[in-house]
Amino acid sequence: DAGVTQSPTHLIKTRGQQVTLRCSPKSGHDTVSWYQQALGQGPQFIFQYYEEEERQRGNFPDRFSGHQFPNYSSELNVNALLLGDSALYLCASSAEIANYGYTFGSGTRLTVV
Amino acid sequence: AQSVTQLDSHVSVSEGTPVLLRCNYSSSYSPSLFWYVQHPNKGLQLLLKYTSAATLVKGINGFEAEFKKSETSFHLTKPSAHMSDAAEYFCVVTRANAGGTSYGKLTFGQGTILTVHP
C-alpha cells in the first residue's frame, strides 16, 4: 500500500519564479493538507483540500495556492518566489471519515536562490 | 485557537536510559494530540495519538505518552533509549469532534532534538 508520494524531491528556483509541487495521497485518503517547514522550525499549516475545495487556510499570502483533483491528488503553487520561501514542503493526507491520524510524505525541498 | 510548547529544544541521554520529552498544549476545543518523529532528511512518522480514549497512549518503538488535562500536558516517554531513537520529535495538537475524530489543521511545536550517546 503506497503511502503519500511527493514530487519532485528537490527543486532549485530563482527569485520571482513560480513553482508547482505535487502530492498523491495514501490509498483511501480523500483529504490533503500542505505544510511548510523552514530550517530548524516545526511545520506550519498552509491549507487543506477536501472535495476539490480549499477547506481551511493558514496564515500564508495569496502567492500560495493549491488545487485538488478528482483522484484526490493535489498541487501546491507558489508565485513570485522569495528567498524566504526556501523550505521543506510536506504533504499530509487523511480520511474524512476514518480516524487515525495524518500520513505525511517525505517532502519537497525547495531552495530559492 | 490552539498552540503547543515543547519545553526542551534539545535532550541528550545515554543509550539504555529513560527518555522524557515534554509538551504542553493549549486548545479552545477538545484536543487530539500526536507525537511525530522526523529523522534527518526524512518525512514525519506518527509515533502515537490521543483522541479522548485512554489517557495513557502506547505507540510504536516502545514510546508512550500520558494525556493530563489538568496540567495541559502530553509528555512522551520511553523506558530505555536506543541509538536509533536519535531524531527530532514534534508534539502536535488539532481539534477533535464529539466522536473523537480529529480534523482540521495540525499545529506543531518547535521540535525537540533527541541525541542518544553510546
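A quick note: this is a predicted structure, and the numbers were derived from the prediction, not measured. (Residues numbered from 1 in each chain as written. Chains lettered and ligands numbered in written order. Predicted model: local features only at pLDDT ≥ 70, side-chain atom pairs only at ≥ 80, totals over all residues. Heavy atoms only, no water.)

Peer 1: So what's going on with the interface of chain A and chain B? Which residues, and what values?
Peer 2: Opposite the 20 residues of chain A that make contact, chain B presents 21 residues. Where chain A touches chain B, the interface holds zero salt bridges. Taken together, the connections running from chain A to chain B amount to four residue pairs in polar contact (both at pLDDT 80 or more). When residues of the side of chain A that touches chain B are traced back to their parent elements, those giving at least two are β4 (31–37), β5 (44–50) and β9 (87–94) of chain A. The residue makeup of the side of chain A that touches chain B, split by class, is nine nonpolar, 10 polar and one charged. (Contact = heavy atoms within 4.5 Å. Salt bridge = Lys/Arg side-chain N within 4 Å of Asp/Glu carboxyl O. Polar contact = N/O pair within 3.5 Å; in protein donor to acceptor, adjacent residues only side chain to side chain. Helix = DSSP H or I, 4+ residues; strand = E, 2+ residues; numbered from the N terminus. Nonpolar A, V, L, I, M, F, W, Y, C, P; charged D, E, K, R; others polar.)

Peer 1: Before we move on, could you go through the pairing of strand β1 (residues 2–6) of chain B and cite the residues and values that matter?
Peer 2: On a regular strand, each side chain points to the face opposite its neighbour's, so the side chains alternate between the two faces of the sheet. Residue and element names in this part refer to chain B. Every second residue of β1 is oriented toward a common face, the buried set being Gln2, Val4 and Gln6 and the non-buried set Ser3 and Thr5. Bridge analysis of β1 against strand β4 (residues 23–27) gives five bridges, and the strand direction is antiparallel. Directly across from Gln2, in β4, lies its bridge partner Ser27. (Buried < 20%, exposed > 50% of the residue type's maximum accessible area, 1.4 Å probe, protein only. Pairing = 2+ DSSP bridges.)

Peer 1: Could you give an account of the pattern of salt bridges, naming the residues involved and the relevant values?
Peer 2: Residues and elements named next belong to chain A. All told, the structure shown has six salt bridges over all chains when counted by the stated rule. Between Arg22 and Glu75 there is a salt bridge, and its shortest N-O distance comes to 3.4 Å. In this pair, Arg22 sits in strand β3 (residues 19–24) while Glu75 sits in strand β8 (residues 74–78), placing the two residues 53 residues apart along the sequence. Residue Arg22 is classed as partly exposed on the basis of its relative accessible area, which comes to 42%. Glu75 gets classed as buried once you look at its relative accessible area, which sits at 18%.

Peer 1: Requested: an account of the environment of A:Pro25, with residues and values cited.
Peer 2: Residues and elements named next belong to chain A. Here Pro25 shows up in the loop between β3 and β4. For Pro25, a relative accessible area of 15% corresponds to the buried category. Along the primary structure Pro25 and Val4 are separated by 21 residues, whereas in three dimensions their C-alpha atoms are 4.7 Å apart. Excluding residues within four positions of it along the chain, Pro25 makes contact with Gly3, Val4, Val32, Tyr72, Ser73 and Ser93.

Peer 1: For the state of the cysteines, give the residues involved together with the corresponding values.
Peer 2: In protein chemistry, a disulfide is the covalent bond that joins the sulfur atoms of two cysteines. All names here are of chain A. Inspection of the entire model under this criterion finds two disulfides over all chains. In this model Cys23 forms its disulfide with Cys91; the gap between the sulfur atoms is 1.8 Å. The disulfide joining Cys23 to Cys91 has a torsion of about -65° about its S-S bond and is therefore left-handed. Of this pair, Cys23 sits in strand β3 while Cys91 sits in strand β9; the two residues are 68 residues apart in sequence, bridging distant segments of the chain. (Disulfide = S-S within 2.5 Å.)

Without other data, these values stay purely geometric and don't point to any function.
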